[in-house]
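Structural overview
Residues per chain, in single letters:
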Amino acid sequence: MEEMNKAYFQKLARQLMFDVSDEEAEQLREEFKILNKQIALLEKIDTENTEPMIYPFEAETTFLREDQITQTISREDALKNAKAVMAGHVHVPKVVK
Amino acid sequence: MDITNMMKQDITQRVYDAIEKAKQLQPELNAVVTFVDVEEQLKQLGGIPSDAPLYGIPVVLKDNVNTKGVLTTASSRILSNYIPVYDAAICEKLKAAGAIIIAKASMDELGMGGTNLSAYTGWVHNPYDTERISGGSSGGSAVLCAADVSPLTIGTDTGDSIRKPAAYNGVIGVKPTYGRISRYGIIPYASSLDHVGYFTTTIQDAAKALRVLAGRDDRDMTSSYEPVPDYEALLDQDIKGKRIAIIDNVQEAIQDKAIVESFNDLTQKLEQRGAQIEHVRLNDDLLSVLLPTYFIIANAEATANHSNLDGIRYGVREDGDSVEEVMINSRTKGFSANIRKRFVIGSYSLFVENQDKLFRKAQKVRRLIVNEVKAVLDQYDIILTTAAPTIAPHPQDSVDEALSDTYLIAENHMIMGNFTGYPCMTMPCGFIEGMPIGIHMMAKPFAEQMLFNIGAAIEAETGLKGITAEVKA
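This one's a predicted model, so the numbers in the text were calculated from it and none came from an experiment. (Residues numbered from 1 in each chain as written. Chains lettered and ligands numbered in written order. Predicted model: local features only at pLDDT ≥ 70, side-chain atom pairs only at ≥ 80, totals over all residues.)

**Side note on the overall build of chain A**
A tally of regular secondary structure across chain A gives 3 helices and 2 strands. N-terminal to C-terminal, the α/β element order of chain A is α-α-α-β-β. Relative to a compact globule of 97 residues, whose C-alpha radius of gyration would be 13 Å, chain A shows 23 Å and is clearly more extended. Each of the 97 residues in chain A was classed as buried or not, and the buried ones make up 13%. (Helix = DSSP H or I, 4+ residues; strand = E, 2+ residues; numbered from the N terminus. Rg over C-alpha atoms; globule rule 2.2 N^0.38 Å. Buried ≥ 20, exposed ≤ 12 C-beta atoms within 10 Å, placed from the backbone.)

Here it is, written out as structure tokens:
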């Protein structure tokens with residue numbers, strides 16, 4: 001397992017598409033010490049033959065609907081909150097250099 | 001003022017009075033993010049039957065409720081310019097019931113906190129003592145109800161985010177059953193734990209509000225098909241024979257003697273009214289892992305839910321030379337340090353190599369905790385506990401949703417309501433040093449009526465029906 005140092009947390013943050021400062025990475029290192037203690041407590045709980053609980057209730061509330069258009073928004077609405085728009089599309093920096 | 005009494009006043013007057021009061025209190029409370037223009041809404045009232053349950057009643061929404069054409073920030077910098085192009089399901093329901101939305105209320109950033117100290121617009125102050133916190137994450141909504149701005153304010157609750165601030169601010173906080181109120185159009189935090197709920201000052205208003213807000217919505221895949229009763233018409237404060245369980249190992253964790261005494265005094269009164277009060281214990285090992293179980297599940301789900309906040313299609317975009325750089329810069333500046341750290345923790349528990357050990361393990365422990373609670377509620381009508389273990393603290397003394405070496409059962413027991421999805425309600429039961437304290441109830445799934453009925457009896461005992469705060473500048 002990789003050492004949980006500053007570089008490790010900064011690499012994790014980059015995978016989530018943001019940066020953490022040196023100070024924040026240090027705070028994360030401290031928080032992970034506590035997290036690991038808590039994980040040890042969790043590990044003590046016997047969960048043999050227990051299924052993960054993903055949602056509170058298992059009653060069926062979803063179904064396959066007919067393949068019909070039910071809800072749409074206009075292109076204008078879809079682009080309303082974008083900072084840069086060009087020719088009816090969200091405009092971003094050039095992808096193919 | 002409750003809804004019934006407010007209905008006796010002139011509609012336009014009461015709506016503008018509410019806005020004026022919120023504006024006057026804003027320097028002291030800092031509870032509002034955005035005031036909503038009501039003129040068009042008042043015109044629309046013409047098309048609503050005048051006997052609609054919330055006809056012309058000023059209502060406040062937490063700022064994670066999407067409102068068409070109205071700034072919706074979730075108190076985060078990254079959404080500080082976001083104007084939704086659609087209304088959340090509850091907006092539609094509130095408007096159909098005649099409600100007038102007057103303001104969007106402050107919250108912890110993206111709902112991820114319990115103090116309201118992390119709001120992008122600054123912390124929210126408690127109306128009973130403005131040096132103290134409101135609690136969170138629905139702090140602004142709790143405060144605006146407590147300060148008598150609006151008799152109904154909307155909140156959301158992922159890990160006691162309605163119920164803790166309700167206790168700190170002396171109002172009723174309702175977190176109904178998971179699936180009872182549609183979450184369509186709510187900016188999410190953790191999908192398996194998120195609930196929509198609300199604040200009122202009377203049980204009657206709480207009953208009235210749920211009938212308006214509840215019901216199946218195909219746009220929310222977790223929305224329930226359970227029929228919605230007329231809770232208000234069915235209110236009955238006769239609690240003879242009602243079976244009430246007190247969880248001793250939660251109560252033993254409460255250190256404040258005055259709060260314990262107040263709780264014991266109330267349970268005696270309920271017993272005198274004919275309720276059967278009995279003491280039970282939950283498994284100590286399971287109680288000791290409430291917080292890490294919550295922390296792992298909530299942060300993992302939050303990391304995934306907020307991966308769409310990148311500044312590209314909406315939200316605050318920072319410049320960069322590539323799409324990746326735009327996203328990285330936008331997310332780095334858009335989220336506070338605490339949120340980014342929590343995303344790192346959430347993501348860590350979702351790594352393939354950690355999933356079984358962390359995320360799946362937490363989900364399994366969640367099931368064991370839920371089984372433990374269910375076993376109690378198979379025998380009893382409600383579980384009754386103290387809500388918060390202290391009065392609202394000062395900012396420097398507050399405990400947020402963070403991991404700790406201590407178990408913090410007293411601070412975190414209400415999370416069980418989110419694990420189970422069972423309906424819960426906090427309500428005021430007294431005052432200590434001029435600050436409100438609250439009790440917490442949990443009932444069987446979809447048994448909100450039981451909460452309201454027992455709540456009505458408690459309201460009659462405490463005499464705190466409709467209580468609000470006089471804010472001192």
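**Topic: helix H2 (residues 22–44) of chain A**
Spanning 23 residues, H2 of chain A covers 34 Å between terminal C-alpha atoms, matching the ideal 33 Å at 1.5 Å per step. If you check which residues of H2 of chain A are buried, you get Ala 25, Leu 28, Leu 35, Gln 38 and Leu 42 of chain A. Lining the buried residues of H2 of chain A we find helix H1 (6–15) of chain A together with helix H11 (290–305), helix H13 (337–350) and helix H14 (352–377) of chain B. (Expected span 1.5 Å × (residues − 1). Contact = placed C-beta atoms within 7 Å.)

**Section: the environment of Ser 330 of chain B**
Residues and elements named next belong to chain B. As for its placement among the helices and strands, Ser 330 is situated in helix H12 (residues 323–334). Of the residues examined, Ser 330 has 25 C-beta atoms within 10 Å and is grouped as buried. Along the chain, Ser 330 and Asp 319 lie 11 residues apart, while their C-alpha atoms are 7.7 Å from each other. Once residues lying within four places of it in the same chain are set aside, the contact partners of Ser 330 are Ile 78, Asp 310, Gly 311, Gly 315, Val 316, Arg 317 and Glu 318.

**Let's talk about the interface of chain A and chain B**
How large an interface is tends to be reported as the accessible area lost when its parts come together. Contacts between chain A and chain B engage 43 residues on the former and 59 residues on the latter. Here the element with the most residues in the side of chain A that touches chain B is H2 of chain A; it accounts for 12 residues. Its residues placed into classes, the side of chain A that touches chain B shows 26 nonpolar, 8 polar and 9 charged. (Nonpolar A, V, L, I, M, F, W, Y, C, P; charged D, E, K, R; others polar.)

**A short note on the confidence of the model for chain B**
Of the residues in chain B, 98% have a pLDDT of 70 or more, and the chain-wide mean is 96. Scored by ipTM, the complex comes to 0.94, with pTM at 0.97. (pLDDT = per-residue confidence, 0-100.)

**Some points on the packing of H11 of chain B against H13 of chain B**
Two numbers describe a pair of packed helices, the interaxial angle and the distance between the axes. Residue and element names in this part refer to chain B. Following both chains from N to C, one finds H11 and H13 inclined at 100°, their axes separated by 7 Å at the closest point. The angle between H11 and H13 falls in the class roughly perpendicular. The segment H11 lies against H13, with Ile 296, Asn 299, Ala 300, Ala 302 and Thr 303 engaging Arg 342, Phe 343, Ile 345, Gly 346, Ser 347, Ser 349 and Leu 350. Residue composition of the contact of H11 with H13, by class: 6 nonpolar, 5 polar and 1 charged. (Axes fitted to C-alpha atoms, helices over the stretch in contact; angles between N-to-C directions. Parallel < 35°, antiparallel > 145°, perpendicular 65-115°, else oblique.)

**A look at the environment of Asp 218 of chain B**
Within the element layout of this structure, Asp 218 of chain B appears in the loop between helix H7 (203–213) and strand S9 (243–247). Asp 218 of chain B sits 36 residues away from Ser 182 of chain B along the chain, and the two C-alpha atoms are 8.8 Å apart.

**Details of the nonpolar core**
Judged by nonpolar contacts, the single largest core of 155 residues is most densely connected at Val 59, Ile 90, Ile 102 and Met 441 of chain B. Beyond its immediate stretch of four places on either side in the chain, Ile 102 of chain B contacts Val 15, Ala 18, Ile 19, Ala 22, Phe 35, Val 36, Val 38, Pro 58, Val 59, Val 60 and Ser 150 of chain B. (Core = buried A, V, L, I, M, F, W, Y, C linked by C-beta atoms within 7 Å.)

**What to know about the packing of H1 of chain A against H2 of chain A**
Residues and elements named next belong to chain A. Contact geometry of H1 with H2 gives a least axis separation of 9 Å together with a crossing angle of 105°. As far as their axial angle goes, H2 and H1 are roughly perpendicular. Together, Lys 6, Phe 9 and Gln 10 of H1 and Asp 22, Ala 25, Glu 26, Leu 28 and Arg 29 of H2 make up the contact between the two elements. Of the residues assigned to the contact of H1 with H2, the class counts are 3 nonpolar, 1 polar and 4 charged.

**Re the sheet that holds S9 of chain B**
Residue and element names in this part refer to chain B. What the 11 strands build is an open sheet, ordered S1-S3-S2-S6-S8-S7-S12-S13-S11-S9-S10; its pairing is mixed. Whereas interior strands pair on both sides, the edge strands pair on one side only; in this sheet they are strand S1 (32–35) and strand S10 (276–280). Put simply, the sheet's adjacent strands are angled 30° from each other on average, direction ignored. Of the pairings in the sheet, the one linking strand S6 (residues 152–157) to strand S8 (residues 195–200) comprises 5 bridges and is antiparallel in character. Along S8, the bridge assignment pairs Ile 154 with Tyr 198. Its contacts with the sheet put helix H17 (residues 448–462) on strand S11 (382–386), strand S12 (424–432) and strand S13 (435–443), and the angle it makes with S12 is roughly 10°. (Pairing = 2+ DSSP bridges.)

**A short note on H14 of chain B**
What sets the pattern is the α-helix's 3.6 residues per turn: residues three or four places apart point alike. Across its 26 residues, H14 of chain B extends 36 Å between first and last C-alpha, which sits within 8% of the 38 Å expected from 1.5 Å per residue. Of all the bends in H14 of chain B, the largest measures some 35° and sits at Lys 361 of chain B. Listing the buried residues of H14 of chain B in full gives Leu 358, Phe 359, Lys 361, Ala 362, Gln 363, Lys 364, Val 365, Arg 366, Ile 369 and Val 373 of chain B. Elements that come into contact with the buried residues of H14 of chain B comprise H2 of chain A together with helix H10 (284–288), H11, H13 and helix H16 (416–420) of chain B. (Bend = angle between axes of the 7 residues up to and from the residue.)

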